[in-house]
Structures are given as structure tokens and as C-alpha cells.
2 protein chains.
Amino acid sequence: MVKNEIRIKQWLKENRARGARLLQILVRENSTRGNESSTQAIIIEKCRQLGLILDIWEIGGNKLKNHPAFCCDRKSFDGNPNLVAVLKGLGGGKSIILNGHIDVVPVGDEMNWKHDPFSGEIECGRLYGRGATDMKGGNVALLMAIESLIANGIKLKGDVIFQSVIEEESGGAGTLAAVLRGYQADGAIIPEPTNMKIFPKQQGSMWFRITVKGRAAHGGTRYEGVSAIEKAVLVIQRLQQLEKDRNAMVSDPLFEKIPIPIPINIGKISSGEWPSSVPDTAILEGRMGVSPEETIQSAQTVMEECLQEMNEQDEWFIKNPVQIEWFGGRWIPGSLDSDHPLINELTRSFIEVKGDNPTIEASPWGTDGGILSSVGNTPTVVFGPGITETAHDANEHIVLEDMFAVSEIIALTLLSWCGTAEASNENK
Amino acid sequence: MVKNEIRIKQWLKENRARGARLLQILVRENSTRGNESSTQAIIIEKCRQLGLILDIWEIGGNKLKNHPAFCCDRKSFDGNPNLVAVLKGLGGGKSIILNGHIDVVPVGDEMNWKHDPFSGEIECGRLYGRGATDMKGGNVALLMAIESLIANGIKLKGDVIFQSVIEEESGGAGTLAAVLRGYQADGAIIPEPTNMKIFPKQQGSMWFRITVKGRAAHGGTRYEGVSAIEKAVLVIQRLQQLEKDRNAMVSDPLFEKIPIPIPINIGKISSGEWPSSVPDTAILEGRMGVSPEETIQSAQTVMEECLQEMNEQDEWFIKNPVQIEWFGGRWIPGSLDSDHPLINELTRSFIEVKGDNPTIEASPWGTDGGILSSVGNTPTVVFGPGITETAHDANEHIVLEDMFAVSEIIALTLLSWCGTAEASNENK
């Protein structure tokens, strides 16, 4: 192992407590949509202390809002900035974007949490809280990787472009804004919670809202009405079937171990306003997965045709067609060849740190990787320390050991990807 | 036809426009729960003009709240009084309660209404609006019947106890309060919207809330979670089966023409808070019909056992049992022998006015009749002009012609039931 690598390893080992402490501070700030600023402020101050070149701005403007990949129902971005912080290289090396989102999803039913979701409680090497895994832990891994270079006086040739963005959970307007501001690179890593798997491909996804009509009546003579809830059950069953059919057709070996490569998730249902009335409307909201082999548009068409078929077959739907709209979040799928140099570098670093081959799979969810790769022309890989299963769930947590390992793997990858000034003499 | 009857008939014919106008004024006031006072004020003023003895009071107090039949989640009754208005008889006749509720259910999706739900618009002899059928039209029929007696100087022997109560749509606390205030009688008529059918038996009912647990996860890896919506679909299907089983056992001929004598209506569902999260909780709210042959308690037990069975069979429910609570509305079933004198008198009046036999059936919904009969020991029949099918629905309306016919039938029934001073000389 060369000198730089040994120093990085040593530094990261010695600074674990600081890393855990930083994650704890970040998790203790609630950065749900619209409330990102206080968490972002912590990241900004950290980057300032590291001496990075800061670019802090509130996203918005026509260039962003008129872009075809822009997809956002947020009224205002005021007061909750995006951050890009650059560790300028000496020149002559490959640049890299390290992208993490700062927004987190709502906590759900707090009763299901064993700790306060904003406590950052540490128990048996796991740090608990909303965002611990998705993805403040990933962000800390990035910051520690960068700091390990700086602290050891290591000069890279290529630029390291750290991005702390808003809006990933709602469609990626933050990353899109960074791309449109001109940030591109020779590669990008997004440390989303992959269980330390490497994801060259990312499932795309988008949100839908389905409106099912019924006919109101008194509950005592419910046969005089048509229950929107009962009709919604038919729609749910049809979507379950569509999900089954679509996934049966996925043959990419990267999806082999994923039970449902492109799921259709119904995340919300709301119908009725009175227990003893027959409900006249049901609203379903959900998320449709998009395979890296298809486009957002083609997947939408599949869903629309499926509902259209229902609308033509069911006696009630013929006269009261189910309607679908695509709203809110939309994440473009991403795809990188499995033998891209960035995958190879990352794999090599992984083996060096973990002593074993990484699992290379397709991502089961959309990330900002689709925007970075298709809009920003930046080859992107998703790889991070968080636990996929706990993302968006109660008791979300991260294994701190994994966070430190990913930090080391990324630091080593930066060394080889961006190149070091001494590297030409020392390493070869 | 005897002289009094002819005069009533004539008076009602001449005063149709006034009756329609009164209903219009009542419908134009929104008397949803908590907002009953302005409509009640119109009724009170009407009764005052008729010279009835008024008893106006805000319900509440421990006697009411501790009564086993009390079932109400309303925080306050302040400002929205109950009304009892008595037309005192000369003595020696049978008394009668004429009971109508003033509260209406919410309007639902206003887009489904062709007229403003509080317009009282009249079109082709039908008056439209929330409450037109359920049951302000019935209340107007009662008031016109009483006025037709007074206007013609007819003196009854028995008391006529007109009641305009709150809270029927939420469990009958208004009628219970009137019973506990001491109002009882030899018979009662409730002109709920029966399509002019006579209902000696009334289906009871009560509200339930079922909580179904899931396990949250990110929508992209939804297989890591358990969808509360998918589990709720199983509960819905189980309730559909229970409804089928229970109704297959109903053999009372009064229920013969009712497609679902004791329905289980799921009126509300709510689950999830984020399209791309797997929802961890689903709440179902609904109304369970109770046969006149069973008690509230025994029907509850049937439902609870049914869910218990699910909880023991489904792998997920074994660890995360579905829970049920009984909340809000509860209407005791009511039952009167089909050959009770009140049914006979009403039937005779019906034939006199309509020239045909009435349909005698069981009521497909709970009414305050259960409280009047089982708590108030007052034999009760439900019979009114509204259209069952439009109750609680968009475009609720009443056929004004039916309202006038019911008014006449009730006026004639009052004559014979309560007896008139001259009747002994004149009629026999």
C-alpha cells in the first residue's frame, strides 16, 4: 500500500468520533422539504473550514423551470440554498462530482420509532434518525474523504466537486439546478444507501395520482351508490398485475437479486368523508419504477394504456373513467456500462478496503444519477454506506462502521481517479 | 269523507307554495353538524307563530352523557339547541311524537352537484339541496300537517309533540336528550326519507374504525416493507364477505325487497403520506348495519370475531393484529309489530290519500326510532316523503308532491290517532 493510502486510512481511523459526531449534528436538524436551510448551514460551515471554494445559491429561475427535466411542485425555494463546494485540483487529472442530497422524507408515525427520529441516538454502532441512512451518512462519508486528503496535505490533479443539494426526494430540482449552473465532471459518485453495493444503473421513477369516481349514497342503502373505495380496490389489483407483468420482462442480470426491479408503489389512498356515506371519490398516489432500458415517457404510456383498458372493460369505468396524472417527483433512470473506468476504480478501492469483491447491481430506486448522467453528461455511479431497507422507514439508521469504510473507499478512488501530484513518481 | 278531512285536504292544497317556500328557506341554511342553530331558529319561529308550547334547550349534562345509549364524540352542543314544540290536546286522546332531525351530512364533492347544494333550487317539481330529502322535507310535512289542523280550528284530544332534534346523523344524542327530558307518547312517526314506504322495523347501525398496520419502506424497495394499503384491501374483502354471510341469514319478509338488509359500508379510508413510501398505517371508517333481531352488542361481537379470525390466520396480522374501535354514531335498531294500531291508522290514511296500499318494509338504515322505542318506550314508525336513493348523495332532492301527500297522510293520522273533540259525535 502506498504512502498516501496508509495516511488516509490512519487519519480516518483516528477521526471516527468526529465523523459520527458530524452525522449526529446533521440528523438532529429536521431537513424535510422546505426546512433544509439549518442542515445546509452546517454543511456550508464544514466546507468553509475545509477551505473549499463555495457556491451557495437559491435555485429557481426560468432556465431551471423551463427545462424538460424539471419536475417540481414546490412553491418556493427561498431560504433553502443549494451548495457546491470545490476542492480545486492542480490540473491534468480527471474531475469528479460527489453528490448528496440534504432533504429527507417525513418521519411517518412517530409511535413506530424507538428513538426520537431527530435524536441521532447511537446504539451498538448504529446511528438512528431520519436521514441517517438516506443520506446524511453518505454525505458525511464524502466530507470525511475530502477532509482526509486535505488533512494529509495530498494534492489532487483533478477537481473534486462536492454537491449538497435539495429536492432529491421530490424530483431532483436541486441537482438539475447544479447541472444547469455548469457543473459537469468526468465522473460522479452518489453515496445513496446502497448497502455498499455498486449501482451502475439506477431505476428511474415518477409519481402518479389516480382519481377513481364512485357515486355517493347513504351507507344504509349503499346498493344505491357505487363505492369509490371498492372501485379503487379494482384499480389497486390491476396495478399489482401490471407490476407483475412488467417485472417478469426484466432480464438484465444486474437486477437478478432484486425481488421487484421496477415496482409500482401505492403510497397514499384517501377516500370518503363520512363513515355512513358511500364515498364518491378515491385518490391514489404512488410511484412507478422505470427501467434503465426505458424512458419516463414510455413507462407512462404503459400505465396509461393499462388504465385505459380497465376503462373500456368495466361497466362503471366506461361511464366514469379512472383518470391519471403525473405530478411531483420524476427521476430519470441512469445507466453506466459495468466496465466503465469509474466502476473499475471504485471496485479496486472496494477490494482494497473490504478484502472482497463488491456486489454490482442495479439500483432499486431513482436517484439524481439520472440527471447527472443524461442532462449533465457525467458518468455516474451510485454507491453508499446506508441501509436500503431502513430508508424512508421508522427506525432509519446507519452502521457507522460502513460509513467509515465508504469514506475510505471513496478517498482511495479520488486518489486514483483524480490523480495526485506525486503519484507519477511514487505510484508507478 | 268527513268534514275535517276535507278541510285539511283543501287547506294543504291551497298552501303548497308556502310549504315549498319553507323547505327552500330551510335547505338554504347549512345545518351540518355544529351549524344547526340558524336552521333551528327558522323552525322555532315557525312553531312560535303556530302557538305551540316551546321547549328549547342545549343538550348535555351527566344524565345524558352517562346514559348507556349515549354515543357521541361531539365536543360541545353550545349554541345549537334541541326543540320540542307541543300542540296540547284537550285530553282523553292518544299522544304522538312527530320527530325530525335538523342536522344534515356534508355535501361531498361539490363538483358532482348540478345546483349549489344549499340553493334549494326547484326544477320540475323537485327541490334540490343537501337535506331536502334527509330530512328537512319530512320536517316541513310535519309542520304543514300541524298547521293544517290549527288553521282549520281542529282541536285534538291527544297531545302532538313535535321534535326538531340535532345529532341524528351522528348517533341520536338529540332524540336521546328529548327522551331523557321526559318526552314519551303513545306513538311516534319519524318522516325520514322512506320513499313513502312504511317502516315498522328499522335497521340499527354503528360506526367502526379499523386500524391496519404495515411496515414503511422506500417505494423503490417496497418488498422490504409491508403496504398497509395492500393489507387494508384484505380487510375490505373480508368485510365484504362478512356482509354477504350476514345478509344471507336475514329471513324477515319485511326485508325481502332490500338488496342488502344490513350492509357494511366502508365510508372512509386514509393511508400513507408520501407517494414513494410504503404506507405503514391504514385507517378504515365505516358503518355496520344491525338487524332489528339483534343487539348492537351482538353485532359488534360478530365483527370483532371476524377480524380476530383474520388476525389468527394471516401471517402478518398474527404479529400486527388489525384493531377495531366503535366510535361516533350508534343507532339502536327499532321494531314494531306490523299489526300495531299505529301502523293500521297510518295505512288507512295512506290508502285514503294515495288510493293504494302502502309498501310496508324494514328500514334500510338506522334512525332515532330505536331510541324512541327502546329507551323512550314509544312505539315508533318511520314513514316520510324523501327519496332514499338521494339521501347523503350529490343532487339530493325531494319530490314536492310527495311531501304534500305525506303531510296529508300524517294530518289524517293525527285526527284518528289523537282523536278530535267533535269526532265522537261526528265520525261514528
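Residues numbered from 1 in each chain as written. Chains lettered and ligands numbered in written order. Predicted model: local features only at pLDDT ≥ 70, side-chain atom pairs only at ≥ 80, totals over all residues. Heavy atoms only, no water.

Attention now goes to the overall build of chain A. The secondary structure content of chain A amounts to 13 helices and 18 strands. Expected size for 428 residues packed as a compact globule is a radius of gyration near 22 Å; at 23 Å, chain A falls within 12% of this value. When the backbone C-alpha atoms are referred to their principal axes, chain A occupies close to 85 × 45 × 40 Å. Expressed as a percentage of its 428 residues, the buried residues of chain A come to 64%. A separation of at least 24 residues holds for 83% of the contacts in chain A among residues at least 6 apart in sequence. (Helix = DSSP H or I, 4+ residues; strand = E, 2+ residues; numbered from the N terminus. Rg over C-alpha atoms; globule rule 2.2 N^0.38 Å. Buried < 20%, exposed > 50% of the residue type's maximum accessible area, 1.4 Å probe, protein only. Contact = heavy atoms within 4.5 Å.)

Taken together, the contact pairs 63 residues of chain B with 63 residues of chain A. A buried area of about 5200 Å², summed over both sides, lies between chain B and chain A, and 59% of it is on carbon and sulfur atoms. Our count for the contact surface shared by chain B and chain A stands at four salt bridges. For the salt bridge of A:Asp109 with B:Lys213, the shortest nitrogen-to-oxygen distance reads 3.8 Å. At the junction of chain B with chain A, the criterion picks out 18 residue pairs in polar contact (both at pLDDT 80 or more). Listed by contribution, the elements that provide at least two residues to the side of chain B that touches chain A are β9 (204–213), β10 (217–218), α7 (228–248), β11 (264–271), β12 (277–278) and β13 (281–290) of chain B. With eight residues, the single largest contributor to the side of chain B that touches chain A is β11(B). The residue makeup of the side of chain B that touches chain A, split by class, is 26 nonpolar, 21 polar and 16 charged. As judged from the three bridges shared by strand β11 (residues 264–271) of chain A and β11(B), these two strands associate in the antiparallel manner. (Buried area = accessible area lost by both parts, 1.4 Å probe. Salt bridge = Lys/Arg side-chain N within 4 Å of Asp/Glu carboxyl O. Polar contact = N/O pair within 3.5 Å; in protein donor to acceptor, adjacent residues only side chain to side chain. Nonpolar A, V, L, I, M, F, W, Y, C, P; charged D, E, K, R; others polar. Pairing = 2+ DSSP bridges.)

Quick look at the sheet that holds strand β5 (residues 126–128) of chain A now. Residue and element names in this part refer to chain A. Pairing within the open sheet is antiparallel, and its three strands lie in the order β4-β5-β18. Strand pairing shows two members of the sheet lacking a second neighbour, β4 (122–123) and β18 (397–399), which therefore form its edges. Of the strand pairs in this sheet, β4 and β5 are connected by two bridges, and their pairing is antiparallel. Residue pairing in the sheet places Ile122 in a bridge with Leu127 of β5.

Under the counting rule described, the total for this entry stands at 11 aromatic pairs over all chains. Between the aromatic rings of A:Phe208 and A:Trp326, the centroid separation amounts to 6.2 Å while the plane-to-plane angle is 80 degrees, which identifies the pairing as edge-to-face. On the criterion of sequence distance, the pair formed by A:Phe208 in strand β9 (residues 204–213) and A:Trp326 in strand β14 (residues 323–331) is long-range, its members being 118 residues apart. Classification of A:Phe208 by relative accessible area gives buried; the value is 0%. With relative accessibility at 22%, the residue A:Trp326 sits in the partly exposed group. Every member of this aromatic cluster is reached through a ring pair, and the members are A:Trp207, A:Phe327, A:Trp331 and B:Trp274. Here the basic side chain of A:Lys231 rests over the ring of A:Phe317, its NZ or CZ set 5.1 Å away from the ring centre. Sitting over the ring of B:Trp417, B:Lys94 keeps its end group 3.8 Å from the ring centre. (Phe/Tyr/Trp six-rings, centres within 6.5 Å; stacked < 30°, edge-to-face > 60°. Lys NZ or Arg CZ within 6 Å of the ring centre and 35° of its normal.)

Here we have eight strands laid out as an open sheet, ordered β14(A)-β9(A)-β13(A)-β11(A)-β11(B)-β13(B)-β9(B)-β14(B), and antiparallel in their pairing. Every other strand in the sheet has two partners, leaving β14 of chain A together with β14 (323–331) of chain B as the edge strands with one partner each. For this sheet, the mean angle separating the axes of adjacent strands, direction not counted, is 25 degrees. The pairing of β11(B) with β13(B) spans seven bridges and is classified as antiparallel. Among the inter-strand pairings, B:Ser270 is bridged to a residue of β13(B), identified as B:Ile283. Relative to β14(A), helix α8 (residues 296–313) of chain A is tilted by about 155 degrees, and along the sheet it contacts β9, β11, β13 (281–290) and β14 of chain A. (Axes fitted to C-alpha atoms, helices over the stretch in contact; angles between N-to-C directions.)

Note that an α-helix has 3.6 residues per turn; residues three or four places apart therefore point the same way. Residues and elements named next belong to chain A. An ideal rise of 1.5 Å per residue puts 26 Å on 18 residues; α8 measures up with 26 Å between its terminal C-alpha atoms. Listed as buried for α8 are Ile296, Ala299, Gln300, Met303, Cys306, Leu307, Met310 and Asn311. The arc enclosing the buried residues of α8, seen along the axis, measures out at 145 degrees, which places them on a common side. Facing away from the buried side of α8 by more than 90 degrees, the exposed set consists of Glu305, Glu312 and Gln313. Turning to α8, the residues buried within the fold contact β9, α7 (228–248), β11, β13, α9 (315–319) and β14. (Expected span 1.5 Å × (residues − 1). Arc of directions from axis to C-beta.)

Residues and elements named next belong to chain A. It is the contact of helix α2 (residues 16–28) with helix α3 (residues 37–50), at a shortest axis distance of 9 Å, that shows an interaxial angle of 150 degrees. One finds that α2 runs roughly antiparallel with respect to α3. In this structure, α2 uses Arg18, Leu22, Ile25 and Leu26 to contact α3, whose residues at the interface are Thr39, Ile42, Ile43 and Lys46. A breakdown of the residues in the contact of α2 with α3 according to their chemical character gives five nonpolar, one polar and two charged. (Parallel < 35°, antiparallel > 145°, perpendicular 65-115°, else oblique.)

Quick look at the environment of B:Gly187 now. All names here are of chain B. Of note, Gly187 is situated in the loop between α6 (173–180) and β7 (188–190). Through-space distance from the C-alpha of Gly187 to that of Thr378 is 5.4 Å; in sequence the pair is 191 residues apart. Residues within four places of Gly187 in sequence aside, it is in contact with Ser95, Ile96, Ile97, Leu342, Thr378, Pro379 and Trp417.

Right, let's talk about the domain arrangement of chain A for a bit. All names here are of chain A. Partitioning chain A into domains gives domain 1 (3–202 + 333–426) and domain 2 (205–331). Taking only C-alpha atoms into account, the centre of domain 1 sits 34 Å from that of domain 2. Across the contact, 27 residues belong to domain 1 and 19 residues belong to domain 2. Across the domain 1/domain 2 interface, buried area totals approximately 1600 Å², and carbon plus sulfur atoms make up 57% of it. If you sort the residues of domain 1 by the area they bury against domain 2, Lys201, Pro333 and Glu361 come out on top, with a joint share of 31%. At the junction of domain 1 and domain 2, the tally comes to two salt bridges. With a closest N to O distance of 3.2 Å, Lys201 and Glu293 form a salt bridge. Counting every contact that joins domain 1 to domain 2 gives six residue pairs in polar contact (both at pLDDT 80 or more). (Domains from an automatic or database assignment.)

Quick look at unusual backbone geometry now. All names here are of chain A. Going from Asp134 to Met135, the amide bond is cis rather than trans, its omega being -10 degrees. Mapping Met135 onto the fold places it in helix α5 (residues 132–151). The backbone phi angle of Asn395 is positive, close to 60 degrees, even though this residue is not glycine. Here Asn395 shows up in the loop between β17 (380–382) and β18.

All right, on to the side chain of B:Arg246 then. All names here are of chain B. Tracing the sequence through the fold places Arg246 in helix α7. Its relative accessible area of 6% is what places Arg246 among the buried residues. With residues up to four places along the chain from it excluded, the contact list for Arg246 reads Ile262, Met288, Gly289, Val290, Glu294, Ala299 and Val302.

Look at the UniProt record and you will see "domain: Peptidase M20 dimerisation" (unreviewed entry) annotated at residues 202–314 of chain A. Secondary structure content for residues 202–314 of chain A is 35% helix and 29% strand, while the C-alpha to C-alpha distance between its ends is 36 Å. (UniProt positions renumbered as here; feature names shortened; annotations may be inferred.)

On to the relation of the copies chain B and chain A, then. Once turned by 180 degrees and shifted 0.1 Å along the axis, chain B lies on chain A with an RMSD of 0.1 Å. The superposition of one copy onto the other is thereby described by a two-fold rotation axis. For chain B, the smallest separation between a C-alpha atom and the rotation axis is recorded for B:Ser270, amounting to 2.3 Å. Interface residue correspondence from chain B to chain A reaches 100%, placing this contact among same-surface, isologous pairings. (Least-squares fit on C-alpha atoms with pLDDT ≥ 70 in both.)

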